[in-house]
Amino acid sequence: MAYVDGFVLPVPADRVEDYRKLARKAGKIWLEYGALEYVECVADDVQPGKRTSFPQSVKLKPGEVVVFAWIRFRSRAHRDRVNARVMADPRLSSLDPATLPFDGKRMFWGGFKPIVQF
């Protein structure tokens, strides 16, 4: 069964196109190093909840949207190998965090083992 990295982050609505360009670049790099799938989605129907929600999870501010994304791998070991190569790639490692089109301090991510897959 596959392994999935998932992440959620806030993006200023007026920087979504900048984020899309960065995501397309990053996705190509992940796929080049062996990821099986790379998907980034912008919120279309998410509401604040009473206790928790996507907007609350990233402390969404006015004028921002939530991005939900995942990268699929063959296994955790495969993910660890691919991610190590991606993080060392100068096309991404040279990016200045201060100029990124999102607030990385409010981003969260993790690795997941699927329990149901079709």
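To start, this report covers the structure provided alongside it. None of the values given here were measured: they were computed from a predicted structure.

What to know about the overall build of the chain
Moving on, step 1. Along its length, the chain carries four helices and four strands.
Moving on, step 2. Written out in order from the N terminus, the α and β elements of the chain read β-α-β-α-β-α-α-β.
Moving on, step 3. In terms of C-alpha radius of gyration, the chain reaches 15 Å, essentially the compact-globule figure of 13 Å for 118 residues.
Moving on, step 4. The principal-axis extents of the C-alpha atoms in the chain amount to approximately 40 × 35 × 20 Å.

Regarding the environment of Val65
Moving on, step 1. With respect to the helices and strands, Val65 occurs in strand S3 (residues 64-73).
Moving on, step 2. Along the chain, Val65 and Pro55 lie 10 residues apart, while their C-alpha atoms are 8.0 Å from each other.

Section: the sheet that holds strand S1 (residues 3-12)
Moving on, step 1. Reading across from one edge, S2-S3-S1-S4 is the order of the four strands in this open sheet, with antiparallel pairing throughout. Edge positions in the sheet fall to strand S2 (37-42) and strand S4 (108-112), since each has one partner strand and no second. Direction aside, the axes of adjacent strands within the sheet are offset by 15° on average.
Moving on, step 2. Strands in contact with helix H1 (residues 16-32) are S1, S2 and S3; relative to S2, the strand with the most contacts, it is inclined by about 170°.

What to know about the environment of Lys25
Moving on, step 1. Along the polypeptide, Lys25 turns up in helix H1.
Moving on, step 2. Lys25 gets classed as partly exposed once you look at its relative accessible area, which sits at 36%.
Moving on, step 3. Separated by 81 residues in the primary sequence, Lys25 and Arg106 have C-alpha atoms spaced 21 Å apart.
Moving on, step 4. Ignoring sequence-local partners within four residues, the contact set of Lys25 consists of Arg91 and Leu95.

Quick word on the layout of surface pockets
Moving on, step 1. Here the largest pocket is characterised by a volume of approximately 610 Å³.
Moving on, step 2. Around the largest pocket sit 26 residues that line it, and Trp30, Met87, Leu92, Phe102 and Met107 are the ones nearest its centre.
Moving on, step 3. Mapped onto the lining of the largest pocket, the elements with two or more residues apiece are S1, H1, S2, helix H3 (76-88), helix H4 (90-93) and S4.
Moving on, step 4. Within the lining of the largest pocket, the residues separate by chemical class into 17 nonpolar, five polar and four charged.
Moving on, step 5. Taken as a whole, the second largest pocket encloses approximately 230 Å³ of empty space.
Moving on, step 6. What lines the second largest pocket is Val16, Tyr19, Arg20, Ala23, Arg24, Tyr38, Val39, Glu40, Cys41, Val42 and Val67.

Structural notes on the packing of aromatic side chains
Moving on, step 1. Here the structure, examined in full by the defined rule, presents four aromatic pairs.
Moving on, step 2. Judged by centre distance (5.7 Å) and plane angle (85°), the rings of Tyr19 and Phe102 are edge-to-face. Here Phe102 lies in the loop between H4 and S4 and Tyr19 lies in helix H1, a separation of 83 residues in the sequence.
Moving on, step 3. Accessibility expressed as a relative area gives 8% for Tyr19, which makes it buried.
Moving on, step 4. With relative accessibility at 17%, the residue Phe102 sits in the buried group.

The rules behind each value
- Residues numbered from 1 in each chain as written.
- Predicted model: local features only at pLDDT ≥ 70, side-chain atom pairs only at ≥ 80, totals over all residues.
- Heavy atoms only, no water.
- Helix = DSSP H or I, 4+ residues; strand = E, 2+ residues; numbered from the N terminus.
- Rg over C-alpha atoms; globule rule 2.2 N^0.38 Å.
- Pairing = 2+ DSSP bridges.
- Axes fitted to C-alpha atoms, helices over the stretch in contact; angles between N-to-C directions.
- Contact = heavy atoms within 4.5 Å.
- Buried < 20%, exposed > 50% of the residue type's maximum accessible area, 1.4 Å probe, protein only.
- 1 Å grid on protein atoms, 1.4 Å probe; cavity = no way out; pocket = protein on both sides within 12 Å on 5 of 7 lines; lining within 4 Å.
- Points joined across faces, edges and corners; volume = space filled by probe spheres on them.
- Nonpolar A, V, L, I, M, F, W, Y, C, P; charged D, E, K, R; others polar.
- Phe/Tyr/Trp six-rings, centres within 6.5 Å; stacked < 30°, edge-to-face > 60°.

Such coordinate-based values are descriptive only and should not be taken to indicate function.
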